[in-house]
Amino acid sequence: MTVLDGKESSNRIKDRLASEVAEIKAAGGKIPHLAAILVGEDGASQTYVNAKVKACERCGFKSSLMRFSSDISEAEVLGEIQKLNEDPDVDGFIVQLPLPKHIDELKVTLAVDPNKDVDGFHPENVGRMSIGLDTFIPATPYGIMQLLAEYDVPTEGKNCVVMGRSNIVGTPMSILMSRNTKPGNSTVTMVHSRTQNVKEICREADILIVALGKAEMVDSSYVKDGAVIVDVGITRLPDQSKKSGFRLAGDVLYSDVAEKCSFITPVPGGVGPMTIVGLMMNTLKASKRHSA
Ligand code: GUN
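Starting from 1, residues in each chain are numbered consecutively following that chain's sequence as written. Only residues with pLDDT of 70 or above have their local features reported here, since the model is predicted, and side-chain atom pairs are shown and tallied only from 80 upward, although totals for entire chains, interfaces and linings are computed over all residues. Remark: hydrogens and water are excluded; side-chain values derive from all non-hydrogen atoms of the structure.

> Residues and numbers for the pairing of strand β2 (residues 33–39), please.
In this scheme, a residue with accessible area under 20% of its type's maximum is buried, one over 50% is exposed, and one in between is partly exposed, where area comes from a 1.4 Å probe on protein chains only. A helix here means a DSSP run of H or I that spans at least four residues, while a strand means a run of E at least two residues long, and both kinds are numbered starting from the N terminus. Counting buried residues along β2, seven of its seven residues qualify, which places the element largely inside the surrounding structure. Residues H33, A35, I37 and V39 of β2 are buried on one face, and the alternating residues L34, A36 and L38, pointing to the opposite face, are buried as well. When β2 meets strand β3 (residues 62–68), the two strands line up parallel, connected through seven bridges. Bridging from a neighbouring strand, I37 pairs with M66 of β3. With respect to chirality, the unit in which β2 leads through helix α2 (residues 43–59) into the neighbouring parallel β3 is right-handed. By definition, two strands form a pair when at least two bridges between them are found by DSSP. Note: β2 against strand β4 (residues 92–95), four bridges, orientation parallel. Paired with I37 across the bridge in β4 is V95. Place the viewer so that the strands point away; then a crossover is right-handed whenever the path from the first strand over the helix to the second strand goes clockwise.

Encoded structure:
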């Protein structure tokens, strides 16, 4: 069994991005600039956004974090998005999700200029991805594709089962794995909350990508011998033995599944750091597009 070490791979890729930015800088070019809007005090969202800001520093990017209290109105958020759309120094930006209930996430997604949409959530970019055009690929699926590439995981002709159909992970992941690319070229099945015989379908998977948000739900009874397991889940479970008061759990019961697999991502240190790399790669791409 090989651990798909997202931390190590992400560090390697960030080094490559940093040297590219150093070259751009030396040639007098513009430094990539990522902005992030964070609304409210959600602990996990704060952690993710802080990690994104730190990754910008590591890659030599400029970053701007804009924080707002959870009672900001929808109109005000849309106004902030408009300002970022119009700011020539900002190459790309994200609005960290989830947002408070009174703010419509679809309206927010539609308000982002597709050319600055480094999350790849705008329907224009989703559509471009689905027909294989140059675009911003959503960061988590993009990071997973990079991780599979880093380890040269065989995907062509394999049965790939994606658990979960979210717009952010499950749906784009299933599209990317089915396309004529390397990695990719898999035969993809997506399972979701209404699927019958989920376990039987998963047991046929050569590659199982789990994005359910249900801590430790997938045990070895879902897994074929020699399967590749990609665990996208990251849930905070209460744990009084930890200083933080919680531990991080994936959607996969790692201790039960690991020995059955050919490759597996750990949680933390698997998909999470690769997601951030996906965002950094999109930001550099946005910056190059704007400089071209
Ligand atoms: N919340 C969870 N994942 C993501 C992501 O990739 N981008 C944004 N903006 N919010 C998220």
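So much for the structure itself; the text now carries on.
> Account for a nonpolar patch on the surface, naming residues and giving values.
Judged by side-chain polarity, M1, V3 and Y254 come together as a nonpolar surface patch covering roughly 250 Å² of accessible area. Structurally, V3 is set in strand β1 (residues 2–3). With relative accessibility at 33%, the residue V3 sits in the partly exposed group. The patches described consist of residues with a relative accessible area above 30% and no salt bridge, like charges being joined within 9 Å and nonpolar side chains (Val, Leu, Ile, Met, Phe, Trp, Tyr) within 5 Å. With residues, only the protein chains shown are counted as cover, and all accessible areas are computed by Shrake-Rupley using a 1.4 Å probe. A side-chain nitrogen of Lys or Arg and a carboxyl oxygen of Asp or Glu constitute a salt bridge if their distance falls within 4 Å.

> Any details on the packing of helix α6 (residues 139–150) against helix α10 (residues 271–291)? Residues and values, ideally.
At a minimum axis separation of 7 Å, α6 and α10 run at an interaxial angle of 105 degrees. If you check the angle between α6 and α10, you find them roughly perpendicular. On α10, the residues that touch A139, T140, Y142, G143, I144, Q146 and L147 of α6 are V271, M274, T275, G278, L279, M281 and N282. Classifying every residue of the contact of α6 with α10 gives eight nonpolar, six polar and no charged. All axes here are fitted lines through C-alpha atoms, helices being fitted over the stretch that makes contact, and every angle between N-to-C directions spans 0 to 180 degrees. Note that the term roughly parallel is reserved for angles under 35 degrees, roughly antiparallel for angles over 145, roughly perpendicular for angles of 65 to 115, and oblique for everything else. A contact between two residues is defined here by any heavy atoms of the two lying within 4.5 Å. Gly falls in the polar group here, along with every residue not listed as nonpolar (Ala, Val, Leu, Ile, Met, Phe, Trp, Tyr, Cys, Pro) or charged (Asp, Glu, Lys, Arg).

> For empty space enclosed by the protein, give the residues involved together with the corresponding values.
Cavity and pocket criteria rest on a 1 Å grid covering protein atoms alone: a 1.4 Å probe that fits but cannot get out defines a cavity, protein on both sides within 12 Å along at least 5 of 7 lines defines an open pocket, and an atom within 4 Å of a point defines a lining residue. Grid points are joined across faces, edges and corners, and a volume is the space filled by probe spheres set on the points. A full pass over the atoms with the stated rule returns two cavities of 30 Å³ or more. Estimated volume of the largest cavity: approximately 100 Å³. Surrounding the largest cavity, F93, I94, V95, L97, E105, V108, T109, V112, D117, D119 and F121 form its lining. Elements with a minimum of two residues in the lining of the largest cavity: β4 and α4 (105–111). Tallied by class, the residues present in the lining of the largest cavity amount to seven nonpolar, one polar and three charged. Considering only enclosed or pocket space, the second largest cavity measures out at about 30 Å³ in volume.

> Give a description of the packing of aromatic side chains that names residues and reports values.
In this analysis, rings of Phe, Tyr and Trp, with Trp reduced to its six-membered ring, are considered paired at centre separations within 6.5 Å, and the interplanar angle assigns stacked below 30 degrees, edge-to-face beyond 60, and tilted for intermediate values. Within this structure, the stated rule accounts for zero aromatic pairs. Seen from the ring of F136, R289 lies directly overhead, with NZ or CZ sitting 4.5 Å from the centre. Ring-over charges, as used throughout, are those where CZ of Arg or NZ of Lys falls within 6 Å of the ring centre and within 35 degrees of the ring normal.

> Describe in detail the site of the ligand, supporting the description with residues and values.
As a matter of local geometry, the ligand sits amid K52, V95, Q96, L97, D119 and F121. Side-chain atoms alone can form a polar contact between residues adjacent in sequence; in general such a contact is a pair of N or O atoms within 3.5 Å, and within protein one must be able to donate a hydrogen while the other accepts it. Note that a nitrogen atom of the ligand is positioned 2.9 Å from one of the backbone N or O atoms of L97. Contacts to the ligand include D119, whose side-chain N or O atom sits 2.6 Å from a nitrogen atom. Contact with the protein chains covers 83% of the free accessible surface of the ligand, which is 280 Å². Of the residues that constitute the shell around the ligand, the class distribution is three nonpolar, one polar and two charged. Definition of nearness: a residue and a molecule or strand are near each other if at least one heavy atom of the residue lies within 4 Å of the molecule or strand.

> Break down the sheet that holds β4 for me, with residues and values.
Reading across the sheet, the three strands line up as β3-β2-β4 and stay open at both edges, with parallel pairing between neighbours. With one partner strand each, in any of the chains shown, β3 and β4 form the two edges of the open sheet. Neighbour to neighbour, the strand axes of the sheet diverge by 15 degrees on average, direction disregarded. Across the sheet, α2 is in contact with β2, β3 and β4; its angle to β3 comes to roughly 160 degrees.

> If you had to explain the side chain of Q96 to someone new, which residues and values would you point to?
Examined against the element boundaries, Q96 turns out to sit in the loop between β4 and α4. Q96 sits in the buried class, given a relative accessible area of 8%. Side chain to side chain, Q96 and K52 meet in a polar contact 2.7 Å long. For Q96, the contacting residues outside a window of four places in its chain are I37, L38, S45, Y48, V49 and K52.

> Which residues make up the layout of surface pockets, and what are the values?
As a volume, the second largest pocket reaches approximately 280 Å³. A total of four residues in the lining of the second largest pocket trace back to one element, the largest contributor, which is α6. Looking at the lining of the second largest pocket residue by residue, the class counts come to eight nonpolar, four polar and four charged.

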